[in-house]
Amino acid sequence: MRILKPFDYFEPGTVMEAVKLLSVHGEKAKVLAGGIDLIPRMRKGAIKADYLINIQNIPELEYIKSSDANGLKFGAMTRLHSLETSKEIQRKYPILYEAIHQITSVQTKYMGTAVGNICVGTPASDMATVLLALDAELTIAGANGERTEPMPKFYVDYLRTSLKRGEMVTEVSLPNPAKGMGTAFMNLVRTHADIAKVSVAVAIIVEEDICQEVKIAIGAAAPVVFRATKAEAVLKRQRVSSEVIAKGAETAAGETRPITDLRSTAEYRKEMTRVLVNRALEKALERARD
């Protein structure tokens, strides 16, 4: 095991203190939330940090709030276990529950945070895939105040987000699910503990079997998690049938830009995207009808 290189360590008590430290130290500083991804990568030398800013002791960052008017919001230090066991999330956002529930590591659930996961910027993030399909919006704090960022604009490139110097994500906001909406999450892994080869999240709204709105989010099949907008256009305003779903799934596969690595080949990822999108659409449609 490699020994971590020396770094300066800070424990700010407020968000303002944290962003000031990030502003001063810039790219040499890293935010420590759960540390599930950060610490192992620092040990491997994949991430270099001269300054570590631990936000675990900022009480204002750990919460889950739900209302009929504003949907659901949760803070940057809200643990995955808290999200998984939230009755509101189980009832209103079942695909978020399902994505967390399939995580087998107890340590990850009790220490890891959803915000920390999405801020890594990996395209293989199940959390990011689901939140993208749920039309999530991020609240980002900086030295000059707060701004909001829709999830589709947050991912710039592989392991790169839109965060600027001195900024950190403080909150995730989810709109209330629309009437008639059905959702589904699916991923393909070698083992339950493995990173997904492909992940798909779908949210669809139907009225009298006509697709009014659909969001198809795909992970691990391009440099970033993305919405398959061409596939969505195939389905919108159409009477949903097995033929239309198959065409949408085929279109979604064509929007991927997969790579070949140790876990899978590019060809297999593309083909399984088609399969998973087809299955997820069928499952989401069934839930919407129910």
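As shown above, the structure is provided for reference.
Residues numbered from 1 in each chain as written. Predicted model: local features only at pLDDT ≥ 70, side-chain atom pairs only at ≥ 80, totals over all residues. Heavy atoms only, no water.

**Description of the sheet that holds strand E13 (residues 210-219)**
In step 1: Strand order in the open sheet formed by four strands is E11-E12-E13-E14, with antiparallel pairing between adjacent strands. In this open sheet, the two strands that pair with only one neighbour each are strand E11 (181-188) and strand E14 (226-227).
In step 2: Note that E13 and E14 share two bridges and pair antiparallel. The residue of E14 that forms the bridge with Ile218 is Phe226. (Pairing = 2+ DSSP bridges. Helix = DSSP H or I, 4+ residues; strand = E, 2+ residues; numbered from the N terminus.)

**Digging into the packing of aromatic side chains**
In step 1: Using the criterion set out here, one finds two aromatic pairs in the structure.
In step 2: Ring geometry for Phe154 and Tyr155: centres 5.2 Å apart, planes at 75°, overall edge-to-face. Both residues of the pair, Phe154 and Tyr155, count as buried.
In step 3: When the ring centre of Tyr63 is taken as origin, the NZ or CZ atom of Lys65, which lies over that ring, is 4.7 Å away. (Phe/Tyr/Trp six-rings, centres within 6.5 Å; stacked < 30°, edge-to-face > 60°. Buried < 20%, exposed > 50% of the residue type's maximum accessible area, 1.4 Å probe, protein only. Lys NZ or Arg CZ within 6 Å of the ring centre and 35° of its normal.)

**Focus: unusual backbone geometry**
Outside of glycine, negative phi angles account for most residues, and trans bonds account for most peptide bonds.
In step 1: One non-glycine residue, Glu208, lies in positive phi territory at about 50°.
In step 2: Relative to the assigned elements, Glu208 resides in the loop between strand E12 (198-207) and E13.
In step 3: On the basis of relative accessible area, Glu208 is assigned to the exposed category, the value being 75%.
In step 4: Positioned with a positive phi, Arg237 is a non-glycine residue whose angle comes to about 65°.
In step 5: Its place among the elements puts Arg237 in the loop between helix H10 (229-235) and helix H11 (242-254).

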